[in-house]
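Here is what each chain is made of, one letter per residue.
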Amino acid sequence: MNTEKVQGKFDQVAGKIKQGVGEAIGNQKLANAGAAEQVKGVAKETWGNAKDTAGVVRDDKRSQAAAKGEDMKYRAENAAHNTRERITETAHNIKDKVNEKLDNIKREHKH
């Protein structure tokens, strides 16, 4: 709970007391001031709730961005690994084919 929410709740209670006292003693100015303080408290509490909500959304988006970044890193590393595997496999296949050709040439010239 942030300070705006706490102050808002406090203002609402204080305003309710002022309004009640003003009405009890017939002081309209005090009763009106109490009602105004309650409205001020409601606004502060609502602002505090809005700030909390914004914080939750911000934290969620940061977490999502971090997770997405980790996912992208994993996918990039995986793609790089697969590319290296294909390159080395191709190199081995070429080596085998070249060696097969060279062996055939050697066989032809030994006779």
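Residues numbered from 1 in each chain as written. Predicted model: local features only at pLDDT ≥ 70, side-chain atom pairs only at ≥ 80, totals over all residues. Heavy atoms only, no water.

Q: So, the overall build of the protein chain: which residues are in play, and what are the values?
A: What the protein chain contains, in helices and strands, is two helices and zero strands. Its C-alpha atoms give the protein chain principal-axis dimensions of about 130 × 15 × 10 Å. Out of the 111 residues belonging to the protein chain, those deemed buried represent 14%. In the protein chain, the proportion of contacts linking residues at least 24 apart, taken out of those at least 6 apart, comes to 56%. (Helix = DSSP H or I, 4+ residues; strand = E, 2+ residues; numbered from the N terminus. Buried < 20%, exposed > 50% of the residue type's maximum accessible area, 1.4 Å probe, protein only. Contact = heavy atoms within 4.5 Å.)

Q: Explain a nonpolar patch on the surface to me, and be specific about the residues and the numbers.
A: Together, Val-13, Ile-17, Val-21 and Ile-25 line one region of the surface with nonpolar side chains, adding up to about 380 Å² of accessible area. Tracing the backbone shows Val-13 in helix H1 (residues 3–25). For Val-13, a relative accessible area of 51% gives the class exposed. (Patch = residues over 30% accessible without salt bridge, like charges linked within 9 Å, V, L, I, M, F, W, Y side chains within 5 Å. Areas by Shrake-Rupley, 256 points an atom, 1.4 Å probe, with all protein chains shown as cover. Salt bridge = Lys/Arg side-chain N within 4 Å of Asp/Glu carboxyl O.)

Q: Give me the lowdown on the pattern of salt bridges, citing residues and values where you can.
A: By the definition in use, this model includes eight salt bridges. Lys-5 serves as the salt-bridge partner of Asp-52, at 3.0 Å between the closest nitrogen and oxygen. Remark: Lys-5 occurs in helix H1 and Asp-52 occurs in helix H2 (residues 28–110); sequence separation between them is 47 residues. Judged by its relative accessible area of 28%, Asp-52 falls in the partly exposed class. A salt bridge links Asp-11 to Lys-44; the nearest nitrogen and oxygen atoms lie 2.9 Å apart.

Q: Before we move on, could you go through the environment of Gly-48 and cite the residues and values that matter?
A: Following the sequence through the fold, Gly-48 ends up in helix H2. In this structure, the C-alpha to C-alpha distance between Gly-48 and Ala-65, residues 17 residues apart in sequence, is 26 Å. Once you skip the residues sitting within four places of it in the chain, Gly-48 turns out to touch Asn-2, Glu-4 and Lys-5.

Q: I'd like a description of H1, backed by residues and values.
A: Residues three or four positions apart in an α-helix share a direction because the helix packs 3.6 residues into each turn. With 23 residues, H1 should cover 33 Å at 1.5 Å per step; its first-to-last C-alpha distance of 33 Å lies within 8% of that length. What H1 keeps buried is the set Glu-4, Lys-5, Gly-8, Asp-11, Ala-14, Gly-15 and Gly-22. On its buried side, H1 packs onto H2. Regarding H1, its N-cap is Asn-2, as a side-chain oxygen of that residue lies 3.2 Å from the backbone nitrogen of Glu-4 further along. Phi for Gly-26, located one or two positions after H1, is positive at around 75°. (Expected span 1.5 Å × (residues − 1). Polar contact = N/O pair within 3.5 Å; in protein donor to acceptor, adjacent residues only side chain to side chain.)

Q: Lay out the packing of H1 against H2 in plain terms, naming residues and giving numbers.
A: Contact geometry of H1 with H2 gives a least axis separation of 7 Å together with a crossing angle of 165°. Classified by the interaxial angle, the pair formed by H1 and H2 is roughly antiparallel. In the packing of H1 onto H2, the handedness of the crossing is left-handed. Here the contact of H1 with H2 is built from residues that sort into eight nonpolar, 11 polar and 13 charged. (Axes fitted to C-alpha atoms, helices over the stretch in contact; angles between N-to-C directions. Parallel < 35°, antiparallel > 145°, perpendicular 65-115°, else oblique. Left-handed = near helix turned anticlockwise from the far one by under 90°. Nonpolar A, V, L, I, M, F, W, Y, C, P; charged D, E, K, R; others polar.)

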